[in-house]
Amino acid sequence: MFSFESFDIKLDTEFIGRNFVFSEEADSTNSVLLDKGNKYTINGTVFYTEKQLKGRGRKNRPWYSAKELNLLFSILLSNKKYITENPVLLNFAASLAVGNALENLYQLKVELKWPNDVLIDGKKLCGILIESTSEGNKIDRLVIGLGINVNQTMFQGSYSIPPTSVKLEINENAERERLLAEVLNNFEELLLVLIESPENILKDWKQRCSMIGDKISITEGEEVKYGIFEDVDENGFLLLKDNNDRIEKIHCGDVSLR
Ligand code: BTN
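Predicted, not measured: the structure shown is a model, and the values here were computed from it.

Criteria and cut-off values
- Residues numbered from 1 in each chain as written.
- Predicted model: local features only at pLDDT ≥ 70, side-chain atom pairs only at ≥ 80, totals over all residues.
- Pairing = 2+ DSSP bridges.
- Helix = DSSP H or I, 4+ residues; strand = E, 2+ residues; numbered from the N terminus.
- Axes fitted to C-alpha atoms, helices over the stretch in contact; angles between N-to-C directions.
- Domains from an automatic or database assignment.
- Nonpolar A, V, L, I, M, F, W, Y, C, P; charged D, E, K, R; others polar.
- Near = placed C-beta within 6 Å.
- Buried ≥ 20, exposed ≤ 12 C-beta atoms within 10 Å, placed from the backbone.
- Arc of directions from axis to C-beta.
- Contact = placed C-beta atoms within 7 Å.
- Parallel < 35°, antiparallel > 145°, perpendicular 65-115°, else oblique.

## Some details on the sheet that holds strand S12 (residues 254-257)
Phase 1 of the analysis: Spatially, S11-S10-S9-S8-S12 is the arrangement adopted by the 5 strands of the open sheet, whose pairing is antiparallel. Where the open sheet ends on each side, the last strands, each with one partner, are strand S11 (247-250) and S12. Averaged over neighbouring strand pairs, the angle between their axes works out to 45° when direction is ignored.
Phase 2 of the analysis: Examined bridge by bridge, strand S9 (residues 223-232) and strand S10 (residues 238-241) share 4 bridges and lie antiparallel to one another. Residue pairing in the sheet places Phe229 in a bridge with Leu240 of S10.

Structure follows, in structure tokens:
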């Protein structure tokens, strides 16, 4: 059972998670916060659930997670100050928040994969999905959804990247409340850095991305591109170098090592 008290005592933020909504079951925490009919408007609201019925990942893939074992939540950014038109750097800040929390609490060695997966030894421990709604042509709310595998040890179904969890990595149960608070504490801090000096987020993220310099393939729908993962630019886009040393800027896609 998730204990709000154990979580709240560790939460050290000003606005992220200060409005915390707990639910036993939801379709998708992202959908709840994206739905303007739900009236969640407070900047930094966290909607948390113990079970998702229609959890989704990038490219509309399903996100499966066993009840009461993991962390499934979304963060609402509704204040203009934090809403960026390009969410890639926000993806970096969110994945760094998770990576730092895993290192601080459990001394795990984390790798970050473009644009936002959190991996340990090539296995995926956390997925992030950023979605938004617009009013006219301006984004008016951004929702950052995170699924962190914490105490689940058996995973069914087929995965493009094999899954892992904190428990599988440290061989004991992890306290979900503490991890959630640590992720939110880190995220708020990194969000402020992102606004003041995005280059620092980029620098930290690049240090954790082990694929830079490697031969990769990028799949986007039916199309597959091959090349060297040269770098990420100041906006967080991937720079792919082909055989003729031409650089192509990639905005989205699934990256694999070749
Ligand atoms: C991915 O790796 O494809 C992203 C997975 C994101 C899953 C989380 S779980 C909480 C939030 N609600 C959703 O429906 N998806 C995100």
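From this point, things continue past the structure.
## Details of the domain arrangement of the protein
Phase 1 of the analysis: In terms of domain boundaries, the protein breaks down into domain 1 (4-208) and domain 2 (215-257).
Phase 2 of the analysis: The straight-line distance from the C-alpha centre of domain 1 to that of domain 2 is 25 Å.
Phase 3 of the analysis: Where the side of domain 1 that touches domain 2 is concerned, the elements lending two or more residues are helix H3 (88-106) and helix H6 (198-208).
Phase 4 of the analysis: Considering each element in turn, the side of domain 1 that touches domain 2 owes the most residues, 3 residues, to H3.
Phase 5 of the analysis: Class assignment for the residues of the side of domain 1 that touches domain 2 results in 6 nonpolar, 2 polar and 2 charged.

## Re the site of the ligand
Phase 1 of the analysis: Taken together, 19 residues are adjacent to the ligand, and Ser28, Gly57, Gly127, Gly145 and Gly147 come closest.
Phase 2 of the analysis: The set of elements that each furnish at least two residues to the shell around the ligand consists of helix H2 (29-34), strand S3 (71-77), strand S6 (123-135) and strand S7 (138-148).
Phase 3 of the analysis: Residues of the shell around the ligand, tallied by class, amount to 5 nonpolar, 10 polar and 4 charged.

## A closer look at the sheet that holds strand S4 (residues 111-113)
Phase 1 of the analysis: Taken in spatial order, the 7 strands line up as S1-S2-S3-S7-S6-S5-S4 in an open sheet, and their pairing is mixed. Each edge of the open sheet carries a strand with a single partner, namely strand S1 (20-23) and S4. Across the sheet, the axes of successive neighbouring strands diverge by a mean angle of 20°, strand direction being ignored.
Phase 2 of the analysis: Sheet analysis places S6 next to S7, joined by 10 bridges and oriented antiparallel. Its bridge partner lying in S7, Ile130 is registered against Ile144.

## Focus on H6
Phase 1 of the analysis: Taken together, the buried positions of H6 are Ile201, Leu202 and Trp205. The buried side chains of H6 occupy one side of the element, clustering within an arc of 100° when seen end-on. Exposed residues lying more than 90 degrees from the buried face of H6 are Glu199, Asn200, Lys203 and Gln207.
Phase 2 of the analysis: In this structure, the buried side of H6 is in contact with H3, S4, helix H5 (176-196) and S9.

## What to know about the packing of H5 against H6
Phase 1 of the analysis: Relative orientation of the contacting elements H5 and H6 amounts to 120°, with a least axis distance of 5 Å. What the angle tells us is that H5 and H6 run oblique. Taken together, the residues of H6 that come into contact with H5 (itself represented by Leu190, Val193 and Leu194) are Pro198, Asn200 and Ile201.
Phase 2 of the analysis: Residues belonging to the contact of H5 with H6 are distributed by class as follows: 5 nonpolar, 1 polar and no charged.

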